[in-house]
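# Geometric and topological summary
The lines below spell out each chain.
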Amino acid sequence: MKSIMKIQRRALSALCCVALALAALGGCGSSAEGGNSAELESLQAQLEDMQRELDELKGSQTASEGVPAANANAKSAESTPTPQLNPTNANGNFREAHGALKVVNGRLLDQNDEPVRLYGMSTHGLSWYPQYVTEETFRSLRDEWGINCVRLALYTAENGGYCTDGDQSMLRNHILNGVNHATNLGMYVIVDWHILSEQDPNVYKEQAKEFFDWVSSSYGGYTNVIYEICNEPNGYATWDSVKSYAEEVIPVIRANDPDALILVGTPTWSQDIDKALADPLSFDNVLYTLHFYAATHKDELRSRLKKCANAGLPVFISEFGTCDASGNGGNDFAQTEEWMKLAEDYNISTVAWNLSNKNETSGVFANGCEKLSGWSDADLKESGVWLKNYFGGLSR
């Protein structure tokens, strides 16, 4: 970057010389014209040389932001083949337009210091529904549903979990593929350490540190990768225990990705954001997650969100559903609309649960639907139709 700026300064200086020479040429007689012409040719040659140097430097810089291949043993992007990004969004590349995100005074801003809102879909567990982690699926969600963000849910403790009996090599490949596809499509991507049945994130703290060291060293130079370090602390987990966990995991990420956006879960299945408000972390670029399911969580939790947002707490709704908290039961679209209105009023990002054809309300694809893209309304459950229409309205 410094080399590019140096060449740009040299070019500016040369342009100034060109302007002066042209002025002199305009004010001189024919006897001076030959000398000035030679001087202009020399300056033009200098500018052409500098343009070639600039193009070479920009090319090397672009190559350095390539996408790591899906190699589960890759430690860093430097040691991995890096194909060029291929943004193909007909509506423009959202990732390039907004760049590195940051938290300022409780608000999420983009590279231009403008407010930005992410909205999108979460996968279900990568061990169980990996078929939706494809460029084809993400492209259809982006172009037909209008989303700008995907969340990759890596369960830690359940059957097939990363820290129990899951195939870690396979799960890492799913993470790499998901990040690569999202990046190629100009989307943001959340890597979600999906704690749930273990309740307290400290149970697998050492595994979390090793995992986030691997992910952040692979993608530390990327502006679209967001780290969610504990999905839903619950049960006996307190804010003190979550905070102590975060104070060990976040520095691991920061060592590789100093300005990364990091999401931190809160107790009671990421509902107790008021605990974080009372005793926040000291790190920059951190948001606290709130999760809701519209048929269960209503005015009381919305009031808590309003209170915390008004007090300047940065909040990110990294998981929500239109049904009840079990992921099943009937949809409550009226309550969902109340939640979405509140999120829009406070410019809070929202990610819906989940990309699957699981036989439950929150899985957006119809039972038995095997399509990976191009879904008609008949291929979707009611929740899927509602979310497609809602996100599509935001993107227009």
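Whatever comes next refers back to the structure up there.
Quick caveat: nothing in here was measured; it's all calculated off a predicted structure.

## Some words on the nonpolar core
- Ranked by internal contacts, the top residues of the largest apolar core, which has 81 residues, are Met121, Trp145, Trp193, Phe211, Ile229, Val264 and Phe391.
- Per-element accounting of this core gives the leading share, 7 residues, to helix α7 (residues 239-256).
- Setting aside residues no more than four positions away along its own chain, Val264 makes contact with Ile229, Cys230, Trp239, Val242, Ala246, Ile250, Leu281, Val286, Leu287, Tyr288 and Thr289.
- In this structure, Leu118, Cys149, Ile190 and Phe316 belong to the second largest nonpolar core, which totals 15 residues.

## Here's the deal with the environment of Tyr227
- With respect to the helices, strands and loops of the structure, Tyr227 is situated in strand β6 (residues 225-228).
- Of the residues examined, Tyr227 reaches a relative accessible area of 0% and is grouped as buried.
- Between the alpha carbons of Tyr227 and Val264 there is a distance of 8.7 Å; along the sequence they are 37 residues apart.
- The contact partners of Tyr227, leaving out residues within four places of it in the chain, are Val191, Phe212, Val215, Ser216, Tyr219, Gly220, Ile253, Asp257, Ala260, Leu261, Ile262 and Leu263.
- Looking at Tyr227, its side chain comes within polar contact range of the side chain of Asp257, at 3.1 Å.

## Remarks on unusual backbone geometry
- Cis peptide bonds are those with omega within 30 degrees of zero, and the linkage from Trp353 to Asn354 qualifies with 10 degrees.
- Looking at the element boundaries, Asn354 is found in strand β10 (residues 350-355).
- Its identity as a non-glycine residue notwithstanding, Asp113 has a phi of 65 degrees, on the positive side.
- Within the secondary structure, Asp113 sits in the loop between β2 (107-109) and β3 (119-123).

## Concerning the side chain of Glu198
- Inspection of the secondary structure puts Glu198 in the loop between β5 (188-194) and α6 (205-219).
- It turns out Glu198 is buried and unbridged, and the closest side chain with the opposite charge, Arg151, is 12 Å from it.
- Within polar-contact distance, the side chain of Glu198 engages the backbone nitrogen of Leu196 at 3.1 Å.
- Each residue touching Glu198, except ones within four places of it in the same chain, is listed here: Thr156, Ala157, Val203, Tyr204 and Tyr236.

## Let's talk about α7
- Taking 1.5 Å as the rise per residue, α7 with 18 residues should run 26 Å; its terminal C-alpha atoms sit 26 Å apart, in good agreement.
- Those residues of α7 lying buried are Trp239, Ser241, Val242, Lys243, Tyr245, Ala246, Val249, Ile250, Val252, Ile253 and Arg254.

## Here we look at the packing of aromatic side chains
- Counted under the stated rule, the structure contains 20 aromatic pairs.
- Relative to Phe212, the ring of Phe211 lies with its centre 5.2 Å away and its plane at 80 degrees, an arrangement referred to as edge-to-face. Grouping residues by exposure puts Phe211 and Phe212 together as buried.

## Overview of the packing of helix α11 (residues 333-345) against helix α12 (residues 382-395)
- Across the interface, α11 lies against α12 with an axial gap of 12 Å and an inter-helix angle of 25 degrees. It follows from the interaxial angle that α11 and α12 lie roughly parallel. Here α11 and α12 pass one another in a crossing that is right-handed. Between α11, through Phe333, Thr336, Glu337, Met340 and Glu344, and α12, the contact on the second element is made entirely by Glu382, Ser383, Trp386, Tyr390 and Leu394.
- Within the contact of α11 with α12, the residues separate by chemical class into 5 nonpolar, 2 polar and 3 charged.

So, how was this worked out
Residues numbered from 1 in each chain as written. Predicted model: local features only at pLDDT ≥ 70, side-chain atom pairs only at ≥ 80, totals over all residues. Heavy atoms only, no water. Core = buried A, V, L, I, M, F, W, Y, C linked by side-chain atoms within 4.5 Å. Buried < 20%, exposed > 50% of the residue type's maximum accessible area, 1.4 Å probe, protein only. Helix = DSSP H or I, 4+ residues; strand = E, 2+ residues; numbered from the N terminus. Contact = heavy atoms within 4.5 Å. Polar contact = N/O pair within 3.5 Å; in protein donor to acceptor, adjacent residues only side chain to side chain. Lys, Arg positive; Asp, Glu negative; His and termini not counted. Salt bridge = Lys/Arg side-chain N within 4 Å of Asp/Glu carboxyl O. Expected span 1.5 Å × (residues − 1). Phe/Tyr/Trp six-rings, centres within 6.5 Å; stacked < 30°, edge-to-face > 60°. Axes fitted to C-alpha atoms, helices over the stretch in contact; angles between N-to-C directions. Parallel < 35°, antiparallel > 145°, perpendicular 65-115°, else oblique. Left-handed = near helix turned anticlockwise from the far one by under 90°. Nonpolar A, V, L, I, M, F, W, Y, C, P; charged D, E, K, R; others polar.

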